[in-house]
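Observations on the model geometry
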Amino acid sequence: MIIEKTQMKANLEVFSETLQALAEKDRDIVVVTSDSRGSGKLVAFGQKFPDQIVEVGIAEQNLVGVAAGLASMGKKAFAVSPACFLTARSLEQIKNDVCYSDNPVKLIGISAGVSYGALGSTHHSLHDFAVLRAINNITIVAPADNFETNEAIRQAAEMASPVYIRFGKKAMNADLRFGIRDLGSGIYDLGLNQQSKIADPKFQFGKGRVIKEGSNLTFIATGEGVLPCVKAAEILQENHGISCRIISMHTVKPLDNELILKTAANEKPIITVEEHSVHGGLGEAVASLLFQNGFRNKFKIIGLPDDHTVSGSQTEIFDHYGISGEGLTKTVLTMLEH
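Residues numbered from 1 in each chain as written. Predicted model: local features only at pLDDT ≥ 70, side-chain atom pairs only at ≥ 80, totals over all residues. Heavy atoms only, no water.

**Remarks on helix α12 (residues 325-337)**
Note the cut-off: In this text, helices come from DSSP runs of H or I with a minimum length of four residues, and strands from runs of E with a minimum of two, each type numbered from the N-terminal end. What a helix should span is 1.5 Å times the count of its residues minus one. Only protein chains enter the accessibility calculation, which uses a 1.4 Å probe. A residue is then buried if its area is under 20% of the maximum for its type, exposed if over 50%, and partly exposed in between. Working rule for contacts: check all heavy atoms of both residues, and any pair within 4.5 Å makes them a contact.
Over its 13 residues, α12 extends 18 Å from the first C-alpha to the last, a length consistent with the 18 Å expected when each residue adds 1.5 Å. By the burial criterion, the buried members of α12 are G325, G327, L328, T329, T331, V332 and M335. Check the buried side of α12 and you find it contacts β13 (217-221), α8 (226-240), β16 (270-277) and β17 (299-304).

Laid out in structure tokens, this is it:
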């Protein structure tokens, strides 16, 4: 199937469309936002459902408190704010008003990771997995494509416990199981290959999604870190005959321990990829699980280093830190040589 680049949507756009579809049938769905109608793609939602949106201004602590209050009264509250502020300024409210008090707020971190790349480290969200993983009673999710986004929002709306879902800004594939190939002029080939046919089509919180099978090594990635793995897998297969398995570990907490341990049983190398600090995120969670269960696979964490992050577009920052098809290809070749 050939589609135009303009047809691909940012996961945040799919979030907005899915939420509108749900709100049409469910008056209990309410959005609380912190001056983020535009950046959160919520303008249309506010126009259609003016009685189901609350604007608190740039006051993230109030945002989470209000959302927790609404959730305690039976509302399906979605608290929408930039991830860098939502999980830093209002961390105490998330910990106490949401998680400790068991209010099923759906925390939506927008423009996560380095989506605000040019604005610098103050606007980068490279800590959210780490801080939230340390808090009891919260599910942490980073959808990789439009399909996972749609499913995540639908399932989150019905959850009886807190959930944090983060989104970036760039246009993503509808479904990464179908691969991606740049044909130039903004046209992409998403042709289904034989390996994709046996990949897992389901989405469920806490269960990783195998989007490509392979035998030489495994990429375990989350969120917008999955697409570079797909690109690297294509380069490695075509140019080096190396077959890569790719797992979209969309749920960072709780991890799919069963799938990870089963994957490691073949004793092949494992590389984790995330748009997050190398400390406290997906990579360290996977490493801890494997080490505590006696596995000694070759292992590498790819993410943002413990450094003053460079500024630039998301693509430029990804390229700088090797979170790209070419960068991951080099990492794989180096790992397999030693």
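**Details of the pattern of salt bridges**
The test is simple: Salt bridge, as used here, is a side-chain nitrogen of Lys or Arg placed within 4 Å of a carboxyl oxygen of Asp or Glu.
Within the structure shown, the criterion is met by 11 salt bridges. The partner of K207 in a salt bridge is E258, and the shortest N-O contact between them spans 3.8 Å. Of the two residues, K207 is situated in the loop between β11 (187-189) and β12 (209-212) and E258 in helix α9 (residues 257-264); the sequence distance between them amounts to 51 residues. One continuous salt-bridge network, built from bridges that share partners, spans D26, K76 and E158.

**Digging into the confidence of the model for the chain**
Cut-off, in case you're wondering: Every residue carries a pLDDT, the predictor's confidence in it, which falls somewhere between 0 and 100.
For the chain, the mean per-residue pLDDT works out to 89, and 91% of the residues sit at or above 70. Confidence over residues 1-6 falls short of pLDDT 50; this stretch has 16 contacts with residues more than four positions distant or in other chains. pLDDT under 50 marks residues 181-198. Its contacts with residues more than four places away, or in other chains, come to 42 contacts.

**So, the sheet that holds β12**
So the rule is basically this: Paired strands are those between which DSSP finds at least two bridges. Inter-axis angles, ranging from 0 to 180 degrees, are taken between N-to-C directions of lines fitted to C-alpha atoms, where helices are fitted over the stretch in contact.
Strand order across the open sheet formed by five strands is β12-β14-β13-β16-β17, with mixed pairing between neighbours. Each of the sheet's edge strands pairs with one partner strand only, and the pair in question is β12 and β17. Here the strands of the sheet are splayed against their neighbours by 25° on average, with no regard to which way each runs. The sheet contact formed by β12 and strand β14 (residues 244-248) spans three bridges and is antiparallel. Considered in β14, the bridge of R209 is made with S248.

**Concerning the state of the cysteines**
Just so we agree on the cut-off: When two cysteine sulfur atoms are found within 2.5 Å, that pair is recorded as a disulfide.
As enumerated under the stated definition, the model contains zero disulfides in all. The cysteine C84 is free of any disulfide, with C99 supplying the nearest cysteine sulfur at 19 Å. You can see C229 has no disulfide; the closest cysteine sulfur is in C244, sitting 8.8 Å from it. Given a relative accessible area of 0%, C229 falls into the buried group.

**A look at the sheet that holds strand β7 (residues 139-141)**
Read from one edge of the open sheet, seven strands run β4-β3-β5-β6-β8-β7-β15, paired in mixed fashion. The open sheet is flanked by β4 (53-55) and β15 (251-253), the only strands paired with a single partner. On average, each strand axis in the sheet is inclined to that of its neighbour by 20°, with strand direction left out of account. As paired elements, β7 and β15 share two bridges and run antiparallel to each other. Looking across to β15, one finds that V141 is bridged to T251. Where helix α1 (residues 11-23) meets the sheet, its contacts fall on β3 (29-33), β5 (76-82) and β6 (106-110), and the angle it forms with β3 comes to roughly 140°.

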